[in-house]
Amino acid sequence: MDVVREENRDLGELSFAELEEELACLAAHIYAGTCRWLELVAEVDRRDKLVGCTCAQWLAWRCGLTPRTAREHVRIARSLGGLPAIRAAFARGQLSFAKVRALTRVAEPANEENLLELALELTAAQLERALRAYRRVTTEEAAAVQETAYLDWYWDDDGSLVVRGRLAPEDGAVLLQALEAGHAALRPRGSAEPWPTGAEALAAVAELALSGRDQSGGDRHQVVVHVDEAALAGAEGGCELAEGPALAPETARRLACDATVIELKERDGEPLSVGRKTRSIPPALRRALRRRDRGCRFPGCENHRFVDAHHIEHWAQGGETSVDNLVLLCRRHHKLLHEGGYLVERLPAGKLRFRYPWGEPLPDAPRPPPGSLDSLFEHNGRPPVGADSYRTGAGDRMDLDLTVKALLAA
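Along each chain, residue indices are assigned from 1 in the same order as the chain's sequence is written. Side-chain atom pairs in this predicted model are given and counted only at pLDDT of 80 or more, local residue features only at pLDDT of at least 70, and totals for whole chains, interfaces and linings cover all residues. Note that the side-chain values use all heavy atoms of the structure and ignore hydrogens as well as water.

1. Some remarks on unusual backbone geometry
- Positive phi values are uncommon outside glycine, yet R294 reaches one of about 55°.
- Every helix listed is a DSSP run of H or I at least four residues long, and every strand listed is a run of E at least two residues long, numbered separately from the N terminus. Within the element layout of this structure, R294 appears in the loop between α14 (283-293) and β7 (307-311).

Structure (C-alpha cells):
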C-alpha cells in the first residue's frame, strides 16, 4: 500500500482495512524516525558544545519538550549507543518507543539479545510489567535497603556542592513529596512554565524551610560571599563563600546583581571600616521591573517566580541600577548570562536581544523546519519500513512468574 499517495484521500473513503494498514505503516515510520532523532540527540550530547546548560535543557527549549521528557529522551539516547541490536530493531520500526524506553532501563550488552527476543513477543504493556517485576526481584531485600541508606555531601574542586544519598523506599517517598512541594512553589498548578529541575526544586525546598524560621520581615537567611572590589569590576581578585570554597568571579558578579551589599575596607586582613548594608535593587525598582517584565525575559521562558534582576552592564563596572539597565531572569537563565557566556543587549523600544556564547542571536521562539510525510517515508525507505515492520506481540496472557524466572536465568 502506498501510504504517501493515500494521505490525500478523504478518511471517510477508506475501508477499515485501509485505515489499519495506514496506521500500522505510519507507526512503524514514526518509530524509525524516532530512532534517528535519538541518534541525533546522542550526537549533540556527545559533542558537549552546549555552554551553561545540559543537553536535556537545550533539547526542551529547542524542540518544545517538557524538561522531564527531554531528560528521559537523553537517557534513552545515551543507552542506545551501547545496545546495537535494540537500536537496529528500533531503526527498522520493529520496536515502539514505549518498548525501547522500558528496555533501556535494564538492558546491557550481556542480556540485550534475550531482552530483544522477549520484546518482540510481548505487548508494550506486558513488557513494561515484566521488566518492572524483574527489576524488583534483582534488588536487595528491605532490611538490606534500610542498612545501606545514607546521605552525605562535600564541596567539589569546582566549588559545587555534591550531594549523594540512598534512601529507603518510605523515606524516599517523603523526599519526593517535599520535592513536589518545591516544584509547586516554582511552578503553580496550571502554569505553562517549564517544569523545574530536581536541583531547582531541592533549592526551593531549602528556601521554604528556612523562610519559616524568621517571621520578622528581615533577611530570612544569608549566604555570605566575600568578594574583592576588583573582582566585581572584572579584574583580578578573590571571591569565596564565607563558609565554603572559592567562587569564580563571574559567579560573584551574578550574585551581586541582586543582593544585599556591605562595603568592608581591610588592610593586611584587618577590617578598617564597615559600611551600611544596602540593597542593590530597591523594593520600588523591583516592583517596576515586575510590572514591566512579568517574569523571566529569556526567549521561550515563562518562569515568573524566583527571578533575579540582572544588570545588563554590571553596577561594579559602571552600569546604572535603573529600569533601563535591568532585566528579570530566572535563576537558570541568570546563570547562563554570567557563567554560561550568553549575552543580552537592549534594543530600541525596550526590546532585548539575547545571543549565544559564540555571538549568534537566539530566536525569540525557535520554530522547527517544515516537515512532511514524504520526507519521513523517504528517509525510512532504506531499509524499507511498512505496516508489517512493527512487532506488537501476540497479546496472549503472560505468565509473569515464568517470564521473570526466564530473565533471571538469561
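There's plenty left to go through after this.
2. Side note on the side chain of D308
- With respect to the helices, strands and loops of the structure, D308 is situated in strand β7.
- Pairing of N or O atoms within 3.5 Å defines a polar contact, subject to two protein rules: one partner must be a possible hydrogen donor and the other a possible acceptor, and residues neighboring in sequence count only if both atoms are side-chain atoms. There is a polar contact of 3.1 Å between the side chain of D308 and the side chain of H334.
- Contacts: residue pairs with any heavy atoms within 4.5 Å of one another. Once residues lying within four places of it in the same chain are set aside, the contact partners of D308 are D258, V327, L328, L329, R331 and H334.

3. Let's talk about the packing of helix α2 (residues 16-47) against helix α3 (residues 55-63)
- Whenever a helix is involved, its axis is fitted only over the stretch in contact; in every case the axis is a line through C-alpha atoms, and angles between N-to-C directions fall within 0 to 180 degrees. Look at α2 against α3: their axes get within 10 Å of each other, and the N-to-C directions meet at 130°. As the angle between them shows, α2 and α3 are arranged oblique. For the element pair α2 and α3, the recorded crossing hand is right-handed. Contacts between α2 and α3 involve W37, V41, V44 and D45 from the first element and C55, W58, L59 and C63 from the second. Put simply, angles under 35 degrees are roughly parallel, angles over 145 are roughly antiparallel, angles from 65 to 115 are roughly perpendicular, and the rest are oblique. Here a crossing is called left-handed whenever its near helix is offset anticlockwise from the far helix by less than a right angle, and right-handed whenever the offset is clockwise.

4. Digging into α2
- Here, expected helix span is obtained from the residue count minus one, scaled by 1.5 Å. Along its 32 residues, α2 runs 47 Å from first to last C-alpha, staying within 8% of the 46 Å computed at 1.5 Å per residue.
- Exposure categories follow from relative accessible area, calculated using a 1.4 Å probe and restricted to protein chains: below 20% of the type maximum is buried, above 50% is exposed, and the middle band is partly exposed. The set of residues buried in α2 consists of E22, C25, L26, A28, H29, Y31, A32, G33, T34, C35, L38 and V41.
- Of the residues one or two after α2, D48 is the one with positive phi, at around 55°.

5. Quick word on the packing of aromatic side chains
- Ring pairs shown here join Phe, Tyr and Trp side chains whose ring centres sit within 6.5 Å, with only the six-membered ring taken for Trp; geometry is labelled stacked below 30 degrees between planes, edge-to-face above 60, and tilted in between. Counted by the stated rule, this structure contains five aromatic pairs.
- What links up through ring pairs into an aromatic cluster is the set W61, F298, Y342, F354, Y356 and W358.

6. A look at the pairing of strand β9 (residues 343-346)
- Pairing geometry for β9 and strand β10 (residues 352-355), over four bridges, is antiparallel. Bridging across to β10, V344 finds its partner in F354.
- Here β9 folds back onto β10 in antiparallel fashion, the turn holding five residues, of which A349 has a positive phi close to 65°. When DSSP finds at least two bridges between two strands, those strands are taken to pair.

7. Considering the environment of R129
- Along the polypeptide, R129 turns up in helix α8 (residues 124-137).
- With a relative accessible area of 42%, R129 lands in the partly exposed category.
- Between the C-alpha atoms of R129 and V404, which are 275 residues apart in sequence, the distance is 10.0 Å.

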